[in-house]
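Architecture at a glance
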Amino acid sequence: AVTSALCSLVYAPPLVAMATPAILGMGNPLLDISAVVTQETFDKYGLQPGNAILAEEKHTPLYAELAAKPDVKYIAGGATQNSIRVAQWMLQEPGMTAYMGCIGDDDFGKKLQDACKEDGVQALYMIDKST
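Attention here is on the structure that accompanies the text. No experiment lies behind these values; they were computed from the predicted model shown.

1. Let's talk about helix 4 (residues 107-119)
Taking 1.5 Å of rise per residue, the 13 residues of helix 4 would be expected to cover 18 Å, and the 19 Å separating its terminal C-alpha atoms lies within 8% of that figure. Looking at helix 4, one finds that the buried residues are Gly-109, Leu-112, Ala-115 and Cys-116. Around the axis of helix 4, the buried residues are gathered within 120° of arc, so they sit on the same side. Turned more than 90 degrees away from the buried face of helix 4 sit Lys-117 and Glu-118, all of them exposed. If you follow the buried residues of helix 4, they end up packed against strand 3 (30-34), strand 4 (73-77), helix 3 (79-91), strand 5 (97-104) and strand 6 (122-128).

Here it is as C-alpha cells:
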C-alpha cells in the first residue's frame, strides 16, 4: 500500500483557462509506447505482432530501445484513461474531461502527463515518490 507520506497530489494549472470538466475518470494509468520495429525485435523478446503481454524482467531493455526510435509515440493508456481520452475527443473542447490516478516520479510519469495535456485531458495524478 502507498502511504500519504510517499505520495503527493500534483496539479499544474494550465496556462490558459480550461472548462470545468464534465466527466471525471479514476483508475490505473498506463503509458503505451508505440514505435515501428523489425521482426528481429519481436524475436529478440519473444513477442508476437498484435499480441498483448505483461512485461517481465527480460523485457526491460525494450523500453530503452523503443525510446531511442525516431518515431516513438507515448500514449496515455489503461481502460479508464482510454475511455476519458475518447470522451475528450468526442467533446472537442479541451479540459471537458479529467482523470485521476497514481504515477511514478520518473520520466515515464512526465511523458504520461504530457500525453494527457496534448489530448486535452486535465490529468490530476498522485505522484509516488518511491518509484
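Having seen the model, we can carry on.
2. Focus: the packing of aromatic side chains
Under the criterion given, the structure shown has two aromatic pairs. When the ring of Tyr-99 is compared with that of Tyr-125, the centres are 6.0 Å apart and the planes differ by 65°; the resulting orientation is edge-to-face. Within this pair, whereas Tyr-99 is found in strand 5, its partner Tyr-125 is found in strand 6, the two being separated by 26 residues in sequence. Under the relative-accessibility criterion, Tyr-125 is labelled buried at 0%.

Cut-offs applied
- Residues numbered from 1 in each chain as written.
- Predicted model: local features only at pLDDT ≥ 70, side-chain atom pairs only at ≥ 80, totals over all residues.
- Heavy atoms only, no water.
- Helix = DSSP H or I, 4+ residues; strand = E, 2+ residues; numbered from the N terminus.
- Expected span 1.5 Å × (residues − 1).
- Buried < 20%, exposed > 50% of the residue type's maximum accessible area, 1.4 Å probe, protein only.
- Arc of directions from axis to C-beta.
- Contact = heavy atoms within 4.5 Å.
- Phe/Tyr/Trp six-rings, centres within 6.5 Å; stacked < 30°, edge-to-face > 60°.

Function cannot be inferred from these measures alone, as they are strictly geometric.
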